[in-house]
Amino acid sequence: MLRPNPHYAELKDSYLFYNIAQKVKAFSEKNPGAKLCRMGIGDVSLPLCDVAIRALREGVDDQAKKETFRGYMPECGAPFLREAIANFYASRGVKLDVDECFVSSGASDELGDILDLFDKSSPALIIEPAYPAYIDASVIAGRQIVRLPSGKENGFLPSPSENLDADLIYLCSPNNPTGAVFPKAKLQEWVDFANKRGAIILFDAAYEAFIEDPDLPRSIFEIDGAKTCAIEICSLSKTAGFTGTRLGYTVVPKDLEREGANFNAMWVRNRTTKTNGVSYILQKGGAAIFTPEGQKQIRENIQVYKSNAKTIASALTEAGLWNCGGQNSPYVWAQCPDGMGSWEFFDFLLERGNIVGTPGVGFGTCGEGFFRFSAFGDVEETKEGARRIVELLGK
Ligand code: PLP
């Protein structure tokens, strides 16, 4: 008889977003007149920029004509988009070969699929609070997990220590949920640790476009030695509003090798087996994002979210709540007031302020007592939410 993958039984139920949805539903049924301020969503609220829409339309038109019609696309990405991605890195001082850049359907797919490259016996290190998919994808793959808690004392950016027993290291910068960004020196510590140990870093740069401080690294490949120990996973979801359109990219350096195996070659083999490429239309839309006009237009949307983040952080500070993030990320991470637990604060905000946020404990036990606010919401709703926070909690 076929045996199911036993590791699914080890997955913890995803209580977080289910619980939030249930609580909000129950509250709205009881209080039909209440106008909610949604400050918890990780999805974008602004539409795609004009250049992307135009390019997507052109892509559709191309598919309507015999001369321009495209069938299967190359599994690792259309050359025009891989080149645009390599040039984008080059413009920021990171030199990559075009065939080190792989086009993907988004970061989530890659975070799961990339695990195919590593033997299951290699434990995975996850810094908590963490984006829940890291743990779930590793559990499904049957991998042992080492959790490294972080907190206020290290700015939610822990350093490696010699006794850490992990061969696969997840780093997320800017971080979801804390908004913390690794400075170069700290990232260098992780790169040196990984190279010394022979570990590999999976660097999730889904929010790199939110970094405004020029001294902070937007790519792990800005760090010396990263090409021999890191894979970078990126997404146009939050950068360019592609959450529903789906497009991302992954960098696997050619210098990345262990025990004679070359991970770039292995990833090519994996992609040519497991995908038939991303649609021509989407890649056409994605390439438009990397043009100067595309970069200008996505900046306008990102600025809207950044301004929301500022509104949220100022309100929290005015209300006397310790908070971080927001400046180089779309998330503001706050400490709950008066020793409240994360869910207690969730209920308080929902019932007293009709505000919906995300309890920090949902990102790991060390997130207890913290709360995540997202800047991806509607501008007016965010302003109103901020006003209510001050009104509710301002001393
Ligand atoms: N990585 C992080 C840290 C995220 O927060 C998210 C989505 O919220 C993703 C990856 C997934 O992004 P995508 O939409 O490209 O699958």
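Please read all numbers here as calculations on a predicted model, not as lab measurements. (Residues numbered from 1 in each chain as written. Predicted model: local features only at pLDDT ≥ 70, side-chain atom pairs only at ≥ 80, totals over all residues. Heavy atoms only, no water.)

**Section: the site of the ligand**
Inference 1: Lining the immediate surroundings of the ligand are 14 residues, of which Ala107, Asp204, Tyr207, Ser235 and Ser237 lie closest.
Inference 2: Ser235 has a polar side-chain atom sitting 2.6 Å from an oxygen atom of the ligand.
Inference 3: Within the side chain of Arg246, an N or O atom sits 2.8 Å from an oxygen atom of the ligand.
Inference 4: Going through the elements one at a time, helix 4 (107–113) and helix 7 (237–240) are the ones with two or more residues in the shell around the ligand.
Inference 5: Looking at the shell around the ligand residue by residue, the class counts come to six nonpolar, five polar and three charged. (Near = heavy atom within 4 Å. Polar contact = N/O pair within 3.5 Å; in protein donor to acceptor, adjacent residues only side chain to side chain. Helix = DSSP H or I, 4+ residues; strand = E, 2+ residues; numbered from the N terminus. Nonpolar A, V, L, I, M, F, W, Y, C, P; charged D, E, K, R; others polar.)

**Looking at the domain arrangement of the chain**
Inference 1: Taken domain by domain, the chain consists of domain 1 (6–48 + 294–393) and domain 2 (50–289).
Inference 2: Spacing between the C-alpha centres of domain 1 and domain 2 amounts to 26 Å.
Inference 3: On the side of domain 2, 43 residues touch domain 1, which itself brings 35 residues to the contact.
Inference 4: Interface area for domain 1 against domain 2, summed over the two sides, is near 3,300 Å², with a carbon-plus-sulfur share of 62%. (Domains from an automatic or database assignment. Contact = heavy atoms within 4.5 Å. Buried area = accessible area lost by both parts, 1.4 Å probe.)

**Remarks on the side chain of Ser138**
Inference 1: With respect to the helices, strands and loops of the structure, Ser138 is situated in helix 5 (residues 133–140).
Inference 2: Polar side-chain contacts of Ser138 include one of 3.0 Å to the backbone oxygen of Tyr134.
Inference 3: Side-chain polar atoms of Ser138 contact the side chain of Tyr170, separated by 3.1 Å.
Inference 4: Not counting residues up to four positions away in its chain, the partners in contact with Ser138 are Leu115, Ala124, Ile126, Arg143, Ile145 and Tyr170.

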